[in-house]
Amino acid sequence: MRHRVSGRSLSRPTGHRLSMLRTMVKDLIRHEAIRTTAAKAREVRPMAEKAITYAKKGTLHDRRQAFAMLTDDSLVRKLFDELGPRYESRPGGYTRIVKLGPRNGDAAPMAIIELLP
């Protein structure tokens, strides 16, 4: 029974999965759009939205929490200097997932996750 078990394992050990998702959040903040499988996009969305919410608040504690997630000074700077002010008046929903067709090799459903303008 899966009572109160949230998230997808994505067929990976916990450390690998968390590292992969953090890297995807970094790439999403850096490039503002990434192409990945639909399942991974649905897992990345809450992490990215939480990071942007940190940037909207803008306190030192939030900056440190964002740095703990992103571990890159330039990304934290971009998050707090550009993305935080951009979404200041938006109450949530900073990302969009657009479904694409299946991938050629294994027919995995693909999607683009992007930050809204």
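For the structure, check the block above.
All values reported here derive from a predicted model rather than from experimental measurement.

Focus on the side chain of Glu 43
By the secondary structure assignment, Glu 43 is in helix H2 (residues 38-57). Note on Glu 43: relative accessible area 15%, which makes it buried.

Points about helix H4 (residues 73-86)
The end-to-end C-alpha separation of H4 is 19 Å, in line with the 20 Å expected for 14 residues at 1.5 Å each. Most pronounced at Leu 79, the bend in H4 amounts to some 35°. Buried-residue contacts for H4 involve helix H1 (14-31), H2, helix H3 (60-70) and strand E3 (109-115).

Considering the pattern of salt bridges
Here the structure, examined in full by the defined rule, presents eight salt bridges. Residue Glu 43 is joined to Arg 8 by a salt bridge in which the shortest nitrogen-to-oxygen separation is 2.6 Å. With Glu 43 in helix H2 and Arg 8 in the segment before H1, this residue pair connects regions lying 35 residues apart in the sequence. For Arg 8, a relative accessible area of 34% corresponds to the partly exposed category. What emerges from the salt-bridge pattern is a single network uniting Asp 27, Arg 30 and Asp 72.

Considering the packing of aromatic side chains
Counted by the stated rule, this structure contains one aromatic pair. Centroid distance Tyr 87 to Tyr 94: 5.2 Å. Interplanar angle 50°. Geometry classified as tilted. For Tyr 94, a relative accessible area of 2% puts it in the buried group. Of note, Arg 63 hangs over the ring of Phe 80, and the distance from its end group to the ring centre comes to 4.4 Å.

Some points on the packing of H1 against H4
Taken N-terminus to C-terminus, the directions of H1 and H4 make an angle of 50°; their axes are 10 Å apart at the nearest point. One element, H1, and the other, H4, form an angle in the oblique class. The element H1 and its partner H4 pack so that their crossing is left-handed. Contact residues: H1 offers Lys 26, Ile 29 and Arg 30, while H4 offers Leu 75, Lys 78, Leu 79 and Leu 83. Tallied by class, the residues present in the contact of H1 with H4 amount to four nonpolar, no polar and three charged.

Some details on the pairing of strand E2 (residues 95-102)
For a regular strand, side-chain orientation follows a simple rule: the groups alternate between the two sheet faces. As judged from the six bridges shared by E2 and E3, these two strands associate in the antiparallel manner. Along E3, the bridge assignment pairs Thr 95 with Leu 115.

Some thoughts on the sheet that holds E2
An order of E1-E3-E2 is seen for the three strands of this open sheet, with the pairing classed as antiparallel. Looking at the sheet topology across the chains shown, the edges are occupied by strand E1 (33-37) and E2. Mean inter-strand twist for the sheet, computed between neighbouring axes without regard to direction, equals 25°. Sheet contacts for H1: E1, E2 and E3; angle to E1, the most-contacted strand, approximately 145°. Here H2 sits on the sheet in contact with E1, E2 and E3, set at roughly 15° to E3.

Here is what the cut-offs are and how they apply
Residues numbered from 1 in each chain as written. Predicted model: local features only at pLDDT ≥ 70, side-chain atom pairs only at ≥ 80, totals over all residues. Heavy atoms only, no water. Helix = DSSP H or I, 4+ residues; strand = E, 2+ residues; numbered from the N terminus. Buried < 20%, exposed > 50% of the residue type's maximum accessible area, 1.4 Å probe, protein only. Expected span 1.5 Å × (residues − 1). Bend = angle between axes of the 7 residues up to and from the residue. Contact = heavy atoms within 4.5 Å. Salt bridge = Lys/Arg side-chain N within 4 Å of Asp/Glu carboxyl O. Phe/Tyr/Trp six-rings, centres within 6.5 Å; stacked < 30°, edge-to-face > 60°. Lys NZ or Arg CZ within 6 Å of the ring centre and 35° of its normal. Axes fitted to C-alpha atoms, helices over the stretch in contact; angles between N-to-C directions. Parallel < 35°, antiparallel > 145°, perpendicular 65-115°, else oblique. Left-handed = near helix turned anticlockwise from the far one by under 90°. Nonpolar A, V, L, I, M, F, W, Y, C, P; charged D, E, K, R; others polar. Pairing = 2+ DSSP bridges.

Interpretation in functional terms is not warranted from these geometric data alone.
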